[in-house]
Amino acid sequence: MANGQADGQANDQANVQANVQANVQANGQWYPAEWPDRIRALAAGTLTPVTPKRAATVMLLKDTGTGTGPAVHMLRRRTSMAFAGGAYAYPGGGVDPRDDDRDIGWAGPTRAWWADRLGVDEVGAQAIVCAAVRETYEEAGVLLAGPTRDSVAGDTTGADWEADRAALVGRELSFAEFLDRRGLVLRSDLLGAWARWITPEFESRRYDTWFFVAALPEGQRTRNASTEADRTVWITPAEAAAGYDKGELLMMPPTIATLRGLAECGTAAEALASARGRDMTPVLAEARLAGDEIVLSWPGHDEFTKHVPSAAQAPVTSPSDPTGGALA
């Protein structure tokens, strides 16, 4: 019986790994096997795009002192996840309807300033910034808030902090209530808006995601507090990008694109300074017909361009192309 259970667990693990491999290009790009059919349906007008949900994610940085640039905190999504299982990403998630509570403690640039920077109204700006700070605390245990407008919380690993974090995750407590209970104000000045990506129209789960950059506050440390991740790592953007290029680290286009931008920064402070001038025009994949192909592209990011047959073809698999050639 023990041997049978072990064999079953091994088979389950192999099946999960096979599912991950079926969603990855040779260079490590996340590319689900169902995309070609959905792209064809969108081009044919038989697929109605899902309205994207607003979300925020934060690239936490810390200086390494090695001359190789700052390290970024990344988590690996569990391979059992329906969306992007096995892919490396940053802490983040969807906007909570209560993230726009007007009584939230706030420090840094005004809501009007953030509205202009993010391309939304003031209510939406607060919700997005709040989501970025809240999700970073929920998934990494790092809190970009402090007791005053020019201070930041210290160690947040105690049992009482964990109880509040769990209540936030379970939506038993809003972030405004959490800040008020703790006597804290959100430090929006610790964030820098970096990019905005919208999930392609042919995807079944869509997000309009704002990417932020922030430096790890002194006295705090990250931990894997996410139920969606099976590991976390501090890695330089250049190392992460190299792992992607070799096909060793699985990532979605927004992740590798932001990593390449971060690799140009020598310190966390440089990244925050660079964020001020970053273009926040939304990046949305486009699918167009070109002869007998559908060309899938992300404006401004040629490396992600894919050519998909305009009509379904029988796949021919090979060890170097687990997607069957249809995604070349």
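For the structure, check the block above.
The rules we used
- Residues numbered from 1 in each chain as written.
- Predicted model: local features only at pLDDT ≥ 70, side-chain atom pairs only at ≥ 80, totals over all residues.
- Heavy atoms only, no water.
- Helix = DSSP H or I, 4+ residues; strand = E, 2+ residues; numbered from the N terminus.
- Buried < 20%, exposed > 50% of the residue type's maximum accessible area, 1.4 Å probe, protein only.
- Contact = heavy atoms within 4.5 Å.
- Areas by Shrake-Rupley, 256 points an atom, 1.4 Å probe, with all protein chains shown as cover.
- Salt bridge = Lys/Arg side-chain N within 4 Å of Asp/Glu carboxyl O.
- Pairing = 2+ DSSP bridges.
- Axes fitted to C-alpha atoms, helices over the stretch in contact; angles between N-to-C directions.
- Core = buried A, V, L, I, M, F, W, Y, C linked by side-chain atoms within 4.5 Å.
- Expected span 1.5 Å × (residues − 1).

Student: Whenever I open this one, the overall build of the chain confuses me. Can you help?
Tutor: The helix and strand inventory of the chain stands at 9 helices and 14 strands. The burial tally for the chain puts 49% of its 328 residues in the buried class. Taking contacts inside the chain between residues at least 6 apart in sequence as the whole, the part at least 24 apart equals 68%. Carbon together with sulfur atoms contributes 49% to the accessible area of the chain, which is approximately 14,900 Å² in total.

Student: Help me understand the pattern of salt bridges, please; the structure alone is not making it clear to me.
Tutor: A side chain of one charge can pair with a side chain of the opposite charge when the charged atoms of the two come close. Counted under the stated rule, the structure contains 16 salt bridges. Its salt-bridge partner being arginine 171, residue aspartate 96 comes within 2.9 Å of it at the nearest N-O pair. Taken together, the residues span a long stretch of sequence, with aspartate 96 in the loop between β4 (92-94) and β5 (106-107) and arginine 171 in the loop between α5 (159-169) and α6 (175-182) at a distance of 75 residues. A relative accessible area of 7% places aspartate 96 in the buried class. Overall, the relative accessible area of 33% leaves arginine 171 in the partly exposed class. The network of salt bridges with shared partners includes Asp96, Arg98, Asp99, Arg134, Glu135, Glu138 and Arg171.

Student: Teacher, can you tell me more about the sheet that holds strand β14 (residues 301-309) here?
Tutor: Neighbouring strands of a sheet are bound in pairs by backbone hydrogen bonds; such pairs are parallel or else antiparallel. With respect to topology, 3 strands assemble into an open sheet ordered β12-β13-β14, the strand pairing being antiparallel. Of all the strands in the sheet, just β12 (286-290) and β14 have a single pairing partner and so form its edges. Between one strand axis and the next, the sheet turns through 25 degrees on average, direction left out of account. In this sheet, β14 lies alongside strand β13 (residues 293-298) in antiparallel orientation, the contact comprising 5 bridges. For leucine 296, the partnering residue across the bridge sits in β14 and is lysine 306. On top of the sheet, helix α2 (residues 35-44) reaches β12, β13 and β14; it is set at about 100 degrees to β13, its chief contact.

Student: I'm lost on the nonpolar core in this one. Help?
Tutor: In this structure, Leu118, Leu143, Phe175, Leu191 and Phe212 are the most contacted members of the largest nonpolar core, which totals 39 residues. For this core, the element with the most residues is helix α4 (residues 122-140), which contributes 9 residues. Sequence-distant contacts of phenylalanine 175, that is, excluding residues within four places in its chain, are made with Asp99, Ile104, Cys130, Val133, Arg134, Leu143, Leu168 and Leu186. Counting 38 residues, the second-largest nonpolar core is a separate cluster that includes Ile39, Met74, Leu249 and Ala257.

Student: Help me out: how do you make sense of the sheet that holds strand β6 (residues 145-146) in this one?
Tutor: Ordered in space as β5-β7-β6, the 3 strands form an open sheet in which the pairing is mixed. If you trace the sheet from one side to the other, it starts and ends with β5 and β6, each paired once. Sheet analysis places β6 next to strand β7 (residues 185-187), joined by 2 bridges and oriented antiparallel. Looking across to β7, one finds that alanine 145 is bridged to leucine 186.

Student: Looking at this structure, how should I read α4?
Tutor: The periodicity of an α-helix, 3.6 residues per turn, causes residues three or four positions apart to be oriented the same way. Taking 1.5 Å as the rise per residue, α4 with 19 residues should run 27 Å; its terminal C-alpha atoms sit 27 Å apart, in good agreement. Judged by how many residues are buried, α4 sits mostly within the fold: 17 of 19 residues are covered. Taken from the residues just after α4, glycine 141 is the one with a positive phi, measuring 75 degrees.

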